[in-house]
Amino acid sequence: MTRDLLGIRQLSVDQIIDLLKRSDGYFQHLNSTDPFPESTLLKGRTVANLFFENSTRTRTSFELAEKRLGATSVSLSMQTSSLSKGESLIDTIKVIDAMKIDCMVVRHSSSGVPALLRRHLPETTRIINAGDGAHEHPTQALLDAATLLEKLGSLKGKKIVIIGDIKHSRVARSNMLLLNKLGANVSIIAPITLSPNSGAEVFGVNVRHEIGNELNDADAVIALRIQTERQAQSLFPGLTDFRERYGLTPTRMAKANSFILHPGPVNRSVELDDEAADSEKSVIYRQVKRGVAIRMAVLEWLFEN
Amino acid sequence: MTRDLLGIRQLSVDQIIDLLKRSDGYFQHLNSTDPFPESTLLKGRTVANLFFENSTRTRTSFELAEKRLGATSVSLSMQTSSLSKGESLIDTIKVIDAMKIDCMVVRHSSSGVPALLRRHLPETTRIINAGDGAHEHPTQALLDAATLLEKLGSLKGKKIVIIGDIKHSRVARSNMLLLNKLGANVSIIAPITLSPNSGAEVFGVNVRHEIGNELNDADAVIALRIQTERQAQSLFPGLTDFRERYGLTPTRMAKANSFILHPGPVNRSVELDDEAADSEKSVIYRQVKRGVAIRMAVLEWLFEN
Amino acid sequence: MTRDLLGIRQLSVDQIIDLLKRSDGYFQHLNSTDPFPESTLLKGRTVANLFFENSTRTRTSFELAEKRLGATSVSLSMQTSSLSKGESLIDTIKVIDAMKIDCMVVRHSSSGVPALLRRHLPETTRIINAGDGAHEHPTQALLDAATLLEKLGSLKGKKIVIIGDIKHSRVARSNMLLLNKLGANVSIIAPITLSPNSGAEVFGVNVRHEIGNELNDADAVIALRIQTERQAQSLFPGLTDFRERYGLTPTRMAKANSFILHPGPVNRSVELDDEAADSEKSVIYRQVKRGVAIRMAVLEWLFEN
């Protein structure tokens, strides 16, 4: 049976640890200035990147992971595809699959699309969820965990604060699931209007609506990106107000000693002030490098069987 | 002398049979779940895909064919190219050619563009017509023939019905030429406003404007895509009306036992009802897979000399 | 220490001659109809093409140079990138760099962006300026020089006329610098409104505003592209007027025996009449072929250390 990466929910603790370990060797190569060693692991394999939502950085990260493993990599611009000619999503996907696609990397604005594809494609077509709606973004959670592990040694009992727009964030959701599985102590801080509806108790995390002393105790803080268009929806009063209440400002970080993560792209002077983004504790570029390594590890794992 | 694929019209029966045979080996590999075997046939060769009309699926099919044969494949976005800066088509093409392009795959909304390029480029630059205006789409006809041959064994005397917008369809034109050459018995069914002006007698086919018993006798039916924008041009009254008169509805297919082909993307509930598109006789995904194999065969053939 | 190609200004005469020589072998391969010989020079290296301004032809030229040297080549569509989500240029570039990019090819509408990146990226990330604002376009100047050398043998004392919109032209600027370094005798002819503000004396060239006898004596003339939108800015009265005063018309070229260069895309009947563009002395497609060879030479040189 072939494997998929639909979400963190489907992964066991052992599988997560296995994936994180596999990524370490790749990370060493990414950190070196030598040529990347040739790999033939995915030779003769085709990976298709289907981004229904634009994302230059994540798509490039996947493309590089694929090419560096020797795969044939194709990226289809799904905004200008046959979908705009009235074809259904499933028809489009089955057409692409018929060209012998061994793995599909899918990003879509609707939650559940990767699982929907799983039901309609042959099992020999592996599926990677590259972010679906407000549901999951498993490679982001894995790269965050890899970054945290490098800095903290272990996640067991470590205090991790996630701050910002939790409600609409697939990054938050995948991170809560993964951090819980690895035994971290997760708190979330979010405006009421940007908090999960169902209560985050399901994820076993604490929810607060104001920043108290959490940052001073935290081992790491993950600041989420604010979609500035939510302002127009009156979900928060404004960017200045958001920064004052939830931004990582110098005052707020003065007594903190936590590592700072952000999935990017950063709105400077909103989620992170320059002092936070550029501080010695900021690991935002480290996360990006870990991202390529994690995606290589995931591909290796999917093609192992 | 190097070869080109400008249209079905220029191919002899022997050449068509040769191309169909060459594609079979590639099709076996495409049907397998093993890694695609490495090929160095086009090593050191550059193939440029110049799509002046958007087509994610056809362009991807060519790209995969090229890469799987070891070519350097580049796809130029011709909508945002120098053409928009006022440069002439011939100048643009000669500039691209000067970068040492061994083969150009060209799609254009104007009939005759591939033949025009042939007159302006050195003969060592092979040209593949990937669809020009309402003229020809030779690789589509070849992939349709390969699909039909697999299902029907031979085309000699087989009854093939082509239904829909014949007038604007390069797919219909190339198919009529090819099916005639291989001895099939071709009928076309189209609204008067979507029938060829000059009479299809030139192609040696029967033309009808209403569906009678043809479907019940047919070995295969090729339903063509309706360009929904033709509605606004009053070429047909509406999609519902089109479906009622020309769509492959369950009632209409009840007594039929023919294979169902469609070049895609399908307008479901217009040309094909779900019962037709998803029936056991539907070979629409088979066509797509055959398409990659045919394009590999064409490239192999072009680079043989 | 690794190298960069930020501009012609930073190159010594010896370095320019070295680059021109290196490109000759590649040019021979580009001129042949044989498969391009395999190169592993950039195996395991990743080159990212970051075009903040659209340019299908220059981007394709770089992509082909990279792929033919065995590099992993990625082209990021910077118009739809995270920049549009409010991220700063430097943040975007550092994120891309973190994916282990060994070389960045950058085109930007603002002068100085490649130098800005140089200050923010690790020195192991080589930078190639593919055109920045009205500043420099060094690979264009190198390919022009390679073309001229092939035709003229040497540039020493050769009379080269550059004609057109000098003021806004990075091509003119890089060419003036390079031609001077190689000892050519450069004149520029431009409308007053399209002449360099600071006087071209800094470049050691003569400036005239009307065409006199220069063309009759010139060994080569480089006609620059007119940005037709400058018309709306009233920088010149109109295209017809421009052609009459500065275009290479048959009358004007009647007594001339100079080679004709143009960086493309050509506005026919503005900068060049058909008689000039298609004459035996026109080397505009030669320039394009030289361009791929020069870019291969530059990459070879950047990765030598």
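Now for a look at the structure at hand. These numbers were taken from a predicted model, which means no experiment stands behind them. Per chain, residues are indexed from 1 in the order of the written sequence. Key to labels: chains lettered from A, ligands numbered from 1, both in the order written. Reporting of local features is limited, given that this is a predicted model, to residues whose pLDDT is at least 70; pairs of side-chain atoms are given and counted only at 80 or more, and all residues count toward the totals for whole chains, interfaces and linings. As a convention, hydrogens and water are excluded, and side-chain values are obtained from all of the structure's heavy atoms.

1. Some points on the packing of aromatic side chains
All names here are of chain A.
Step number 1: Put simply, two rings from Phe, Tyr or Trp (the six-membered ring, in Trp's case) pair if the centres are within 6.5 Å, and we call them stacked under 30 degrees between planes, edge-to-face over 60, tilted for the rest. Counted according to the given criterion, the structure contains 6 aromatic pairs over all chains.
Step number 2: For the ring pair Phe242 and Tyr246, a centre distance of 5.4 Å and an interplane angle of 40° mean the geometry is tilted. You can see Phe242 and its partner Tyr246 sitting in helix H8 (residues 239–246), 4 residues apart, about one turn around the helix.
Step number 3: Per-residue accessibility, obtained with a 1.4 Å probe over protein chains only, is compared with the maximum for each type, and a residue is labelled buried under 20%, exposed over 50%, and partly exposed between these values. Using a relative accessible area of 3% as the deciding quantity, one classes Tyr246 as buried.
Step number 4: Joined through ring pairs, the aromatic side chains of Phe236, Phe242 and Tyr246 make up one cluster. Helix and strand labels come from DSSP, where a helix needs a run of H or I of at least four residues and a strand needs a run of E of at least two; each type is numbered from the N terminus.

2. Considerations on the interface of chain C and chain A
Step number 1: The contact criterion used throughout is that any non-hydrogen atoms of two residues lie within 4.5 Å. Opposite the 25 residues of chain C that make contact, chain A presents 27 residues.
Step number 2: Salt bridge, as applied in this entry: a Lys or Arg side-chain nitrogen positioned within 4 Å of an Asp or Glu carboxyl oxygen. Along the contact surface separating chain C from chain A lie 2 salt bridges.
Step number 3: Polar contact criterion, stated in full: a pair of N or O atoms within 3.5 Å, where within protein one must be able to donate a hydrogen and the other to accept it, and residues adjacent in sequence count only if both atoms are side-chain atoms. Across the contact surface, chain C and chain A share 11 residue pairs in polar contact (both at pLDDT 80 or more).
Step number 4: Going through the elements one at a time, strand E2 (72–77) and helix H3 (89–97) of chain C are the ones with two or more residues in the side of chain C that touches chain A.
Step number 5: Think of it as three bins: nonpolar holds Ala, Val, Leu, Ile, Met, Phe, Trp, Tyr, Cys and Pro, charged holds Asp, Glu, Lys and Arg, and polar takes everything else, Gly as well. For the side of chain C that touches chain A, the residue count by class is 6 nonpolar, 11 polar and 8 charged.

3. Structural notes on the packing of helix H5 (residues 138–152) of chain C against helix H11 (residues 284–302) of chain C
All names here are of chain C.
Step number 1: Only C-alpha atoms enter the line fits that serve as axes; for helices the fit covers just the stretch in contact. Angles between N-to-C directions range over 0 to 180 degrees. In contact at an axis separation of 8 Å, H5 and H11 are set at 120° when each is read in the N-to-C sense. The orientation of H5 relative to H11 falls into the category oblique. In the packing of H5 onto H11, the handedness of the crossing is right-handed. Note on element contacts: H11 touches H5 through Arg286, Gln287, Arg290, Gly291, Ile294, Arg295 and Val298, opposite Thr139, Gln140, Leu142, Leu143, Asp144, Ala146, Thr147 and Glu150. By the definition adopted for this analysis, an angle is roughly parallel if under 35 degrees, roughly antiparallel if over 145, roughly perpendicular if from 65 to 115, and oblique otherwise. A clockwise turn of the near helix away from the far one marks a right-handed crossing, whereas an anticlockwise turn of less than a right angle marks a left-handed crossing.

4. A short note on the packing of helix H5 (residues 138–152) of chain A against helix H6 (residues 170–181) of chain A
Residue and element names in this part refer to chain A.
Step number 1: Running from amino to carboxyl end, H5 crosses H6 at an angle of 55°, the nearest separation of the two axes being 8 Å. Comparing their axes, H6 and H5 come out oblique. In the crossing of H5 with H6, the sense of the turn from one axis to the other is right-handed. Contacts between H5 and H6 involve Pro138, Gln140, Ala141, Leu142, Asp144, Ala145 and Leu148 from the former and Val171, Ser174, Asn175, Leu178 and Leu179 from the latter.
Step number 2: For the contact of H5 with H6, the residue count by class is 8 nonpolar, 3 polar and 1 charged.

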